[in-house]
Amino acid sequence: MKSLIRFLSSVKLAIFLIIIITAASMIGTFIPQLRSAEEYGALYGQLSELLIRLEITDLYHSWWFIALLFLFSLNIVICTLTRLAAKFRRAFKPNLEFENQTLLAAKIQDRFSRKGNLEKSEGELKKGLRSAHYKIKETRKEAEVHLLARKKILGIFGSDIVHLGLLVILIGGIISGFSGFRTNINISEGEIVPVLGADFKLQLDKFETEYHPNGSVKDWKSTLTVMEDDNPRLTKTIEVNHPLTYKGYVFYQSSYGWDWQNPTLEIWAIKTSDPSSQKNAFVRLGEKVIWDEENLEFKALQFLPDFIIDGNQPRTRSLNPNNPAVFIEVYRGEDKISSGWIFAKFPDFSQMHSEEEADYKFEFKDIQTSQYSGIQMAKDPGVNYIWVGCTLLMIGLFLAFYWPPRDIRLILMEKEGKTEIISAGRSAKSKLALESEFKRIMVSFRRSQ
Amino acid sequence: MNESTLFLITFAVYFIAAFFYFVFLFSKKESAAKTGLSVVTVGFFVHTLALIWRTIESGHAPFTNMYESLSFLAWSGALAYIIIEYKYNIRKAGPYLMLIIIGIMALASSPLMPDEAAPLMPALQSYWLWLHVSVTLLGEAFFAVAFVTSIMYLVADSREKKGVAKEGAITAEKLDSISYRCVAVGFPLFTLGGLVFGMVWAYKAWGSYWSWDPKETWSLITWFVFALYLHTRIVMGWKGRRSALIAIIGFLAALFTYFGVNYLLAGLHSYA
Ligand code: HEM
């Protein structure tokens, strides 16, 4: 047990772990993460199976990487705790028993005697030290007085606060990893959607896209209302970088798109021999249109926003309206007499397979559909730990680097009506500054006789 | 007068400063180094004006494309050098740092760098971007100074060991302590800008404070290397050669985070 604790508290282990974690992190940036087995096969051939088996393909979430982080956290905790008792003693119950020799052996030290008895010298010395913001502890031993004057004592704990902050961040990371989640919801204007796992719903009041003069997207804005039991609770317009937060859920503007489930299609049927005879229809998918004059009916069956032929099958390449196409069927009475794809961008390309000689053609003029707003919903109960941890981290770094503790130890002895004073300054991190301060205090004290 | 004229003037002034520093390097005339320092300081002020100009003109932070962030990096480098030089008198580092700064300026003005003040994509419109990038680059500028003083340490140390150190040359011991002080300034800045502000911004923009994207990961790697520097030094008492080597590796990691990731690896950050 003891040797286990010694192992877990050692800085050598910390250094070993830092090196290993750093090396692993590097590997994860050179080997693409979370690709398909085929891609790895193409990239690494025989090796790919090993990579997948060792979870190097999802390195940062692999069991061994998480185990390393866990060991690292344990290392930080135990290392910090095992040193803490001694630090508390040093900070709050410092040793006031020091010897003349020790003080005189210090690098920053002074020895002199001055007129006046011990009380008087002590009083003046304390005043001088206090005006330089030192706090003083003292003890009396027969004819001697020991003073310990210190400042910036909190600096002793800088590294511990840094380590505590790190630990809180790691804990926050674990909480995020296990109970945080995110999903994308696409929501159209006017629509109300339930929020996964929450007791409220979300309604999109308005969605707009702003553009730069050159046509690139400047911003997306969604006006959202939180609905609880059908009562509006809160309305806010979100945009990129400005999410809506409600009951621990955060809603981010992440993308936009078109709702292709239910578009309105503008289709013109034109008589070829007499183009003035037309039927202009606005239809939804599946709706029948009757063209009385020609004794025809037609309907749109399928819509693809970005039509391509893949193999022999038509499908859509993307969700952007790059090549909108609609599949229509034409009936005379009960008989299907014609069917085929027509294209909004290529009216001449439209081809219909007809059972009879056709004296009509179809043109696909326009589509209207609502745009939806792509909203990313996240609930991350770990995130507050992260901010607390970051704050501790920064406070700790400030203390460790810019709040260096200093102390001055003094021994005062009364000798034949005079006071003899031995003093020594100590500061691991700001020797130079302390040295000049020490000199200033001692010189002014000598002068003040 | 416009921003690119100011940039060119800055470039020229840095060149003149470098010239004086090299005169100092070869002639050992202190006065040349002093002139060099004044010239850098002037260059720094003109550079500051150029950055302010750019900000006003484009209406956003002056580091949203490669040209701008390189220019800002050079500015941070000049600032870090001026501070360290006024505080610790490391003239010898001057010529090398000026070379680095001029190199960065040259890269910034190369035609390969897109430099039009492009409108910002939505995710970049945030004042966290300001804080994130400026504080990180400032931290890295101090790592750059530590990099140069560490290399100078290695040279000075081997000269001293061979007994060929010149009279009056800056001692290896002093260089070692200056490197440490630069890291002590750079580390908290880098932590605040690179990690803390980076996480806040990522959370605001993408809803996830950490996603192991290559740039994030490389910032973390850089940070780990300097954590290693601190621990080996404070706890295990490493100094000198080994410390200098870690500081050098740390700065190289920072450079890779800055350039390598953009050109060699892809990720969320690849537009910056
Ligand atoms: C990346 C993770 C870590 C960071 C960023 C970090 C940061 C720091 C900092 C800033 C200091 C103060 C340095 C100074 O005073 O100049 C410090 C000191 C120290 N660290 Fe860490 N640390 C980390 C991990 C660890 C681990 C895992 C251990 C466990 C063995 C550890 C052990 C120590 C010790 C023993 C000290 C000296 C404490 C003192 O005397 O005040 N550190 N650390």
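What counts as what
- Residues numbered from 1 in each chain as written.
- Chains lettered and ligands numbered in written order.
- Predicted model: local features only at pLDDT ≥ 70, side-chain atom pairs only at ≥ 80, totals over all residues.
- Heavy atoms only, no water.
- Contact = heavy atoms within 4.5 Å.
- Salt bridge = Lys/Arg side-chain N within 4 Å of Asp/Glu carboxyl O.
- Polar contact = N/O pair within 3.5 Å; in protein donor to acceptor, adjacent residues only side chain to side chain.
- Helix = DSSP H or I, 4+ residues; strand = E, 2+ residues; numbered from the N terminus.
- Donors = N, O, S within 2.8 Å, 3.2 Å for Na, K, Ca; no water.
- Tetrahedral: all angles 85-135°; square planar, octahedral: opposite > 155°, others 65-115°.
- Buried < 20%, exposed > 50% of the residue type's maximum accessible area, 1.4 Å probe, protein only.
- Near = heavy atom within 4 Å.

Novice: How should I be thinking about the interface of chain B and chain A in this particular structure?
Specialist: Accessible area lost on assembly of the parts is the figure often given for the size of an interface. The interface of chain B with chain A comprises 40 residues on the first partner and 45 residues on the second. Across the chain B-chain A interface, the total number found is 0 salt bridges. Taken together, chain B and chain A are joined by 4 residue pairs in polar contact (both at pLDDT 80 or more). At the level of elements, helix 6 (172–206) and helix 7 (214–234) of chain B are the ones that each hand at least two residues to the side of chain B that touches chain A. Element by element, the count of residues in the side of chain B that touches chain A is highest for helix 6 of chain B, at 15 residues.

Novice: Can you walk me through the coordination of the iron atom of the ligand in this structure?
Specialist: Around a metal, the ideal angle is 109.5 degrees if four donors adopt a tetrahedral arrangement and 90 or 180 degrees if six donors adopt an octahedral arrangement. Surrounding the iron atom of the ligand are the protein donor atoms A:H163 (NE2) and B:H231 (NE2), at 1.8 to 2.0 Å. Angles of 88 to 178° at the metal separate the 6 donor atoms of the iron atom of the ligand, which places the site in the octahedral class. In this pair, A:H163 sits in helix 8 (residues 158–179) while B:H231 sits in helix 7, so the two residues belong to two different chains. According to the relative accessible area criterion, B:H231 is partly exposed, its value standing at 26%.

Novice: What is the right way to look at the site of the ligand in this model?
Specialist: Lining the immediate environment of the ligand, one finds 23 residues, of which A:K87, A:S159, A:H163, A:K429 and B:H231 sit closest. Those chains with residues close to the ligand are chains A and B. Contact distances for the ligand include 2.8 Å between an oxygen atom and a side-chain N or O atom of A:S159. Counting only elements with at least two residues in the shell around the ligand, the list comes to helix 2 (11–30), helix 5 (63–92), helix 8 and helix 9 (383–402) of chain A together with helix 7 of chain B. Looking at which element gives the most residues to the shell around the ligand, the answer is helix 5 of chain A, with 6 residues.

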